[in-house]
Amino acid sequence: MSDELNPAVPDSATAEGPETEPEEPVKQRKNGLYPGVSDELAENMKSGWADTELRDLEPVEQAAHTARRRAALSARFPGERLVVPAGNLKTRSNDTEYPFRASVEYAYLTGNQTEDGVLVLEPKGDGHEATIYLLPRSNRENGEFWLSGQGELWVGRRHSLTESEALYGIPAADVRELADKLREATGPVRVVRGYDAGIEAALTDKVTAERDEELRVFLSEMRLVKDEFEIGELQKAVDSTVRGFEDVVKVLDKAEATSERYIEGTFFLRARVEGNDVGYGSICAAGPHACTLHWVRNDGPVRSGDLLLLDAGVETHTLYTADVTRTLPVNGTYSEIQKKIYDAVYDAQEAGIAAVKPGAKYRDFHDAAQRVLAERLVEWGLVEGPVERVLELGLQRRWTLHGTGHMLGMDVHDCAAARTETYVDGTLEPGMVLTVEPGLYFQADDLTVPEEYRGIGVRIEDDILVTEDGNRNLSAGLPRRSDEVEAWMATLKG
């Protein structure tokens, strides 16, 4: 990573309209190799550049959907100014940043994913007028494009405001002017908090936490039912994830020679080639690590005879993620005790998936899966029955640990801010997408179970779309039944 020249320039040094000179000297990086910029070099860098404006751009695929979403938001909060930031870059260490991911609320309403963006809905008549505030192209007249650490020669070209208007179907303006406008704003205002401290500071005397939370909750509940575009994106994410799981099975011998990191890296390659990223930290848990629900260190050994619990999902370029889990025998064949536990989890998942249908309570699939697991635990003598007593007291949770699923979308745990009565205590509707993921986990140090159980963790997870007449398993491309998993692995290993 080059560090020859990456000084900061003042905010006034970036402009898309008439060019202005910096109000203060360009600050050099401490210990940079160049002491400054000569007048001759500065003048040379101003000219000789081709016109790169992109013309005849088509709107992004989701533009019609984002317009409809903004209309629904406008109808919910008439007469109020609504401010939805994308967020800012976050420092990873010193002068390097984490890869940027726009806030879900902002991306859902605009289709745009660039840092520092802000969507503002201004009250107008019976509705709102939307404006998307963005950073314009880097200024070439004052050198920002090659001197600033966020200049285009350092981090890549930005869309011009005119290009952005064409892509997203929203009037665009310079985001550097927004804070002053918001400070002068009158009337009721709401902002989505937690993404842009500068924007929040400009509104500090105009908003309340309670009113802002109502905005956040509404935007979360909007996403409970997916539209046709979203369902298509989720299917893309799942299809890429299926291919990622196939990639992993093909290289299990290399993972055995190295560590769980080989599995993580293999899946990540598929995610970056076909999508934007992984939707969450991949869980590549071999052996007893499978009993740690969110094992993302992925630094342990992969051994023949152990199970591999792989919980991973590809995130699409539009930020929709899959969330799929399979528990695979590293050597391709389940042992007798592994198969016994695996088949119990499979039966529980079958019961859970069958309970997913329109009109059912959200909790029904969880209750159905937990009942099967409780029955097996009683049958195996690991907990004293009857089953009703076990479920009433939650005794099965020593080994099942977690809920049986969650909503899925632009967040892996989507719609998390929704009210309990519309989510966990709500009713399933066509267009909802959720995971069904029961598991059994017998910790390596659990002295209440026979030794042969200890260190075995099994989870099976699929992404389920609620349809008009039942459900559709979006991840059905990956086998689930134990004998089918073994046959599938044998074919892939060749």
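Residues numbered from 1 in each chain as written. Predicted model: local features only at pLDDT ≥ 70, side-chain atom pairs only at ≥ 80, totals over all residues. Heavy atoms only, no water.

> I would appreciate a short explanation of the environment of serine 138 in the present structure.
Considering the arrangement of structural elements, one finds serine 138 in the loop between β5 (127-134) and α4 (144-147). Sequence-wise, serine 138 and leucine 33 are 105 residues apart; in three dimensions their C-alpha atoms are separated by 24 Å. Contacts of serine 138, omitting those with residues within four sequence positions, involve Glu144, Phe145, Gln150, Gly151, Glu152 and Arg158. (Helix = DSSP H or I, 4+ residues; strand = E, 2+ residues; numbered from the N terminus. Contact = heavy atoms within 4.5 Å.)

> Looking at this structure, I do not really get unusual backbone geometry. What am I missing?
Glycine aside, residues mostly have negative phi angles, and peptide bonds mostly take the trans form. Omega for the peptide link from glycine 385 to proline 386 comes to 5°, which places this bond in the cis form. When you line up the elements, proline 386 lands in the loop between α14 (364-379) and α15 (387-393). Of note, the phi angle at asparagine 31 is positive, near 70°, even though the residue is not glycine. Relative to the assigned elements, asparagine 31 resides in the segment before α1 (39-44). Residue asparagine 31 is classed as exposed on the basis of its relative accessible area of 69%. Phi at aspartate 116 is positive, roughly 75°, even though this residue is not glycine. Take aspartate 116: it is sitting in the loop between α3 (104-110) and β4 (118-124). (Buried < 20%, exposed > 50% of the residue type's maximum accessible area, 1.4 Å probe, protein only.)

> How should the sheet that holds β4 be read in this particular structure?
Two pairing modes exist for strands in a sheet, parallel and antiparallel, and in both the strands are linked by backbone hydrogen bonds. Taken in spatial order, the 5 strands of this open sheet run β6-β5-β4-β1-β7, and their pairing is mixed. Only two strands of the sheet have a single neighbouring strand rather than two, namely β6 (172-174) and β7 (189-191). Adjacent strand axes in the sheet meet at a mean angle of 25° when their direction is disregarded. Alignment of strand β1 (residues 81-85) against β4, held across 4 bridges, turns out to be antiparallel. The partner of leucine 82 across the bridge, within β4, is leucine 121. Taken strand by strand, helix α2 (residues 63-76) contacts β1, β4 and β5, and its axis lies near 50° from that of β4. (Pairing = 2+ DSSP bridges. Axes fitted to C-alpha atoms, helices over the stretch in contact; angles between N-to-C directions.)

> Help me understand the packing of α2 against helix α9 (residues 209-222), please; the structure alone is not making it clear to me.
Packed helix pairs are characterised by how far apart their axes lie and by the angle those axes make with each other. It is the contact of α2 with α9, at a shortest axis distance of 11 Å, that shows an interaxial angle of 140°. By the angle between their directions, the pair α2 and α9 is classed as oblique. Helix-helix and strand crossings are classified by hand; for α2 and α9 the assignment is right-handed. Here α2 contributes Arg69, Ala72, Leu73 and Arg76 to the contact with α9, which in turn contributes Leu215, Phe218, Leu219 and Met222. (Parallel < 35°, antiparallel > 145°, perpendicular 65-115°, else oblique. Left-handed = near helix turned anticlockwise from the far one by under 90°.)

> Just checking my understanding: could you explain the packing of aromatic side chains for this structure?
A ring pair, where both rings are aromatic, is described by two values, the distance of the centres and the angle of the planes. Tallied over the full model, the rule gives 9 aromatic pairs. Residues phenylalanine 245 and phenylalanine 267 carry aromatic rings whose centres are separated by 5.9 Å and whose planes lie at 90° to one another, so their mutual orientation is edge-to-face. Of this pair, phenylalanine 245 sits in helix α10 (residues 228-250) while phenylalanine 267 is found in helix α12 (residues 260-274), placing the two residues 22 residues apart along the sequence. Under the relative-accessibility criterion, phenylalanine 267 is labelled buried at 0%. (Phe/Tyr/Trp six-rings, centres within 6.5 Å; stacked < 30°, edge-to-face > 60°.)

> How do you make sense of the sheet that holds strand β12 (residues 324-329) when you look at a structure like this?
The strand order across the open sheet formed by 3 strands is β9-β10-β12, and the pairing between neighbours is antiparallel. Edge positions in the open sheet fall to β9 (283-286) and β12, since each of these has one partner strand only. Taking each pair of neighbouring strands and ignoring which way they run, the sheet shows an average axis angle of 10°. Here 6 bridges tie strand β10 (residues 307-312) to β12, and the two strands are oriented antiparallel to one another. What sits directly across from leucine 310, in β12, is arginine 326. Contacts from α12 reach β9 and β10 within the one sheet, and its direction differs from that of β9 by about 150°.

> I tried to follow the nonpolar core on my own but got confused; where do I start?
Nonpolar side chains tend to gather and get buried jointly when the protein is soluble and globular. Counting 92 residues, the largest nonpolar core has Leu73, Ile263, Ile341, Trp380, Leu440 and Phe442 as its most contacted members. The dominant element in this core, judged by the number of residues it contributes, is α10, at 9 residues. By size, the runner-up hydrophobic cluster in this structure holds 17 residues, among which are Leu224, Met432, Val436 and Ile464. (Core = buried A, V, L, I, M, F, W, Y, C linked by side-chain atoms within 4.5 Å.)

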